[in-house]
Amino acid sequence: MRGMNGVGESLRESAVFNFNGAVTMVIDDSPFALELTAQAVLGFGIKVRHSCSSAAEAIAVLRDHPVDLILVDCEMPGMSGYEFVRWLRRSGLEPNAFAPVIMTAAHVRRSKVSEARDCGANFLITKPFSAGVLLERIVWVARDARAFLEVGDYFGPDRRFRSEPWEGLERRSEEIRKAEFEAQRRASIEL
Amino acid sequence: MTVITHNRRKSRLSTLIDQPGGVSAGVALAQAKANLAEMEARSRAVIEEQVAALAALQPAPTLEEAARLLDRAYDHSSAVIDAAGPFELKDLCAAAANLCDLIDAAPEDRPFDWRIVTVHAQALRLLLTLPAEAAEARTQVLASLKDVLKAKAPGGPQSA
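In this text the structure is predicted, and so the values were computed from the model without any measurement.

Criteria and thresholds
- Residues numbered from 1 in each chain as written.
- Chains lettered and ligands numbered in written order.
- Predicted model: local features only at pLDDT ≥ 70, side-chain atom pairs only at ≥ 80, totals over all residues.
- Helix = DSSP H or I, 4+ residues; strand = E, 2+ residues; numbered from the N terminus.
- Contact = placed C-beta atoms within 7 Å.
- Nonpolar A, V, L, I, M, F, W, Y, C, P; charged D, E, K, R; others polar.
- Axes fitted to C-alpha atoms, helices over the stretch in contact; angles between N-to-C directions.
- Parallel < 35°, antiparallel > 145°, perpendicular 65-115°, else oblique.
- Expected span 1.5 Å × (residues − 1).
- Buried ≥ 20, exposed ≤ 12 C-beta atoms within 10 Å, placed from the backbone.
- Pairing = 2+ DSSP bridges.
- Core = buried A, V, L, I, M, F, W, Y, C linked by C-beta atoms within 7 Å.

1. Description of unusual backbone geometry
All names here are of chain A. Here the residue pair Glu 94 and Pro 95 is connected by a cis peptide bond, since its omega of 0° sits within 30 degrees of zero. Secondary-structure assignment places Pro 95 in the loop between helix H3 (81–89) and strand S5 (101–105). Residue Lys 127 is joined to Pro 128 through a cis peptide bond whose omega torsion reads 0°. As for its placement among the helices and strands, Pro 128 is situated in the loop between strand S6 (123–126) and helix H5 (131–142).

Printed below as a string of structure tokens:
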């Protein structure tokens, strides 16, 4: 799972995206924190379809309804966010088992660091975070094209991020898009 | 170890994002900030509630009871970060995170110095009442809390 500083691509103000119709689920035991998240993503054009106050409530919904994006709090009474994501990835539910998952945490206990890395989420955001950071991460997971791996106890997106440049002709759309973005960014600085 | 690779698959979200229409990042952020701004007063009320609950906690006589109370103190601190996070109340978040770090680093087999919780509750109250322009006073409060972390949890996440 990628950490806070790993995105490497900031959103341009003019970048346009469309999340209308994305079926989104937010899971948080704190009603106020849940509402904060829902109001932030509403600004991005994402209406939260499923607001769940516990992992158990979310599981009941996920068994019958496909979702496109899940935002889940790490620390919750009963089943934690980490345990929930681990369950989701192993659930065999199509397509939900492969849904993009962003975890949020006010604080990650030292004993939970490996759990955060190994549960199978696409991204962990630690608070405090701005609306801009949240938007950037949602766009990032939407474009996250990593394969899913089953390795021992792990089931989730490939955790290896290769940074070596590819020597052949670049054909990966996300890499082409990043290169175009970088070229535009450099050009705008030179203007 | 066996590695099973599932075919790369495009999520529905990745298809939706590039569909015609939608909003620009600038507009989306402005809308999000406007939505959140309407919740700022409630956020402050939630923070005050959580700080009051933190201050009301009393040291426990037994280790078992102390562990339960420390979990509650940790929850109150986390709730402060939850509520303060979107509103750039960085000093409140830093003070609350400091307490989370200290509780997280506390050895389970020894009594926790409860003065740490008391000091953090007082610091959070002070940060809530200080005027926005009192930057130096805020910095001092946070520096003193960092000193507690360095003294009580050497090698902790923010003690370096």
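Don't stop here, the text continues.
2. Concerning the interface of chain A and chain B
Taken together, the contact pairs 49 residues of chain A with 42 residues of chain B. Counting residues per element, the ones that place at least two in the side of chain A that touches chain B are strand S1 (16–17), helix H1 (31–43), H5 and strand S7 (148–151) of chain A. For the side of chain A that touches chain B, the element with the highest residue contribution is H1(A), accounting for eight residues. Broken down by class, the residue content of the side of chain A that touches chain B amounts to 28 nonpolar, eleven polar and ten charged.

3. Here's the deal with the packing of helix H5 (residues 90–105) of chain B against helix H6 (residues 115–129) of chain B
Residues and elements named next belong to chain B. One way to put it is that H5 packs onto H6 with a least axis distance of 10 Å and a crossing angle of 175°. Here H5 lies roughly antiparallel to H6, going by the angle between them. Residues Asp 91, Leu 92, Ala 95, Ala 96, Asn 98, Leu 99 and Leu 102 of H5 form the contact with H6, whose own contacting residues are Ile 116, Val 117, His 120, Ala 123, Leu 124 and Leu 127. Along the lines of polarity and charge, the residues of the contact of H5 with H6 split into ten nonpolar, two polar and one charged.

4. Description of H1(A)
The end-to-end C-alpha separation of H1(A) is 19 Å, in line with the 18 Å expected for 13 residues at 1.5 Å each. Listed in full, the buried residues belonging to H1(A) are Ala33(A), Leu34(A), Leu36(A), Thr37(A), Gln39(A), Ala40(A), Val41(A) and Gly43(A). Contact partners of the buried residues in H1(A): strand S2 (24–27), strand S3 (48–52), strand S4 (69–73) and H5 of chain A together with helix H2 (25–37) and helix H4 (63–84) of chain B. Within two residues after H1(A), Gly45(A) carries a phi angle of roughly 90°, on the positive side.

5. Brief notes about the sheet that holds strand S8 (residues 154–157) of chain A
Taken in spatial order, the three strands line up as S8(A)-S7(A)-S1(B) in an open sheet, and their pairing is antiparallel. Of all the strands in the sheet, the pair left with one neighbour each is S8 of chain A together with strand S1 (3–6) of chain B. Across the sheet, the mean angle separating the axes of adjacent strands is 15° when strand polarity is ignored. Pairing geometry for S7(A) and S1(B), over four bridges, is antiparallel. Looking across to S1(B), one finds that Phe148(A) is bridged to His6(B).

6. Overview of the environment of Leu93(A)
Residue and element names in this part refer to chain A. Relative to the assigned elements, Leu 93 resides in the loop between H3 and S5. Separated by 28 residues in the primary sequence, Leu 93 and His 65 have C-alpha atoms spaced 9.8 Å apart. The residues touching Leu 93, leaving out its near neighbours within four places in the chain, are Leu 62 and Arg 63.

7. Examining the sheet that holds S2(A)
All names here are of chain A. With parallel pairing, five strands are arranged side by side in an open sheet as S3-S2-S4-S5-S6. This sheet does not close on itself; its edge strands, each paired only once, are S3 and S6. Looking at each pair of strands side by side, their axes are set apart by 20° on average, direction ignored. Here S2 pairs with S4 via four bridges, running parallel. Pairing of Ile 27 across the sheet is with Val 72, part of S4. Relative to the sheet, H5 contacts S4, S5 and S6, its axis offset from that of S6 by approximately 175°.

8. Points about the nonpolar core
Residues Met103(A), Val80(B), Leu92(B) and Ala96(B) are the most contacted members of the largest nonpolar core, which totals 90 residues. Broken down by element, the residue count for this core peaks at nine residues, all from H5(B). Those residues in contact with Ala96(B), other than ones at most four positions away along the chain, are Ser77(B), Val80(B), Ile81(B) and Leu124(B).

Spatial relationships are all this shows, so hold off on functional conclusions.
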